[in-house]
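A structural walkthrough
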Amino acid sequence: MPEFDLDSFKKTWQEQPVQKKYGSDEILQMLNRKSRNYVKYIFWISVAEFLFFTLVGLFYIIQGREANSFLNILDRLGVQKTPELELTFDNIYLVLKIVSLSVTAYFVFRFYQNYSGIKVEENLKKFILKIIQFKKTVNAFILINIALLVTFTSIFTIFIFYILNTQNIEITNSTIVGFIAGTVISTVFTVLMVWLYYRVVYGIIIKKLDRNLTQLKEIDSQEI
């Protein structure tokens, strides 16, 4: 998608004095329309993410693969598998999955509100404020997703130590250190991957939106 150069566009119109005012309006409408499209792209990406993670979550719940993976970790630590243990884990996993999907669904709704609330023909100041609010919503979405990832990992880690204590299982210090180190490293790696994903997928669009926002502010300052 070619970049829109405000200065070049304005210079072209300035060479046609009779149509100068019309040119400013045309620039404004084009920037507004492009900005609204960028918001729409993020909205549809978030919808696709919500549907994808919902389907993946349902698949893992039905297949029980997440439970088996977690129980295998407990097994290596010497934990005895019991129906109560499996039920407790299933309940915790279900609650966390519902929380995660609920948060994503909320932000999908917020993105839709942002998109539907942005009007191309709207007052420039209001338009700029709505774009800024949309950027804040995107940043909140990214940060909350990372916070949820860290929180969920912490909950499962605490649950593991709770089970070890309940079953009076003693493990060596080296095992504890290795387990904690592995958990921290895998969590940091996952957070970096999530951040990189949002940085690439959302960041590219936000960068273009920032460029449009800068140009809109320039137009707004010239009209004062």
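The structure under discussion appears in the preceding block.
Residues numbered from 1 in each chain as written. Predicted model: local features only at pLDDT ≥ 70, side-chain atom pairs only at ≥ 80, totals over all residues. Heavy atoms only, no water.

1. Topic: the packing of aromatic side chains
Note the threshold: For Phe, Tyr and Trp, where Trp contributes only its six-membered ring, two rings pair if their centres lie within 6.5 Å, and the inter-plane angle classes them as stacked under 30 degrees, edge-to-face over 60, or tilted in between. For helices the rule is a DSSP run of H or I covering at least 4 residues; for strands it is a run of E covering at least 2, with both sets numbered from the N terminus onward. Between buried and exposed lies partly exposed: a residue is buried under 20% and exposed over 50% of the maximum accessible area for its type, with that area taken using a 1.4 Å probe on protein chains only.
Using the criterion set out here, one finds 16 aromatic pairs in the structure. Pairing Phe107 with Phe141 gives two aromatic rings, centres 5.2 Å apart and planes at 55°, and the pair type is tilted. One end of the pair, Phe107, is in helix 4 (residues 83-117); the other, Phe141, is in helix 5 (residues 124-166), with 34 residues separating them in the sequence. With 5.6 Å between their ring centres and 80° between their planes, Phe141 and Tyr198 make a pair best called edge-to-face. Note that Phe141 is positioned in helix 5 and Tyr198 in helix 6 (residues 173-223), a separation of 57 residues in sequence. A relative accessible area of 1% means that Phe141 is categorised as buried. Accessibility expressed as a relative area gives 7% for Tyr198, which makes it buried.

2. A few points about the pattern of salt bridges
Where we set the bar: Here a salt bridge means any side-chain nitrogen of Lys or Arg lying within 4 Å of a carboxyl oxygen belonging to Asp or Glu.
Taken as a whole and assessed by the stated rule, the structure comprises 1 salt bridge. The residue Asp210 makes a salt bridge to Lys135 at a minimum N-O spacing of 2.5 Å. Residue Asp210 is located in helix 6, and its partner Lys135 is located in helix 5; the two are separated by 75 residues in the primary sequence. Overall, the relative accessible area of 28% leaves Asp210 in the partly exposed class.

The values are spatial; any link to function lies outside them.
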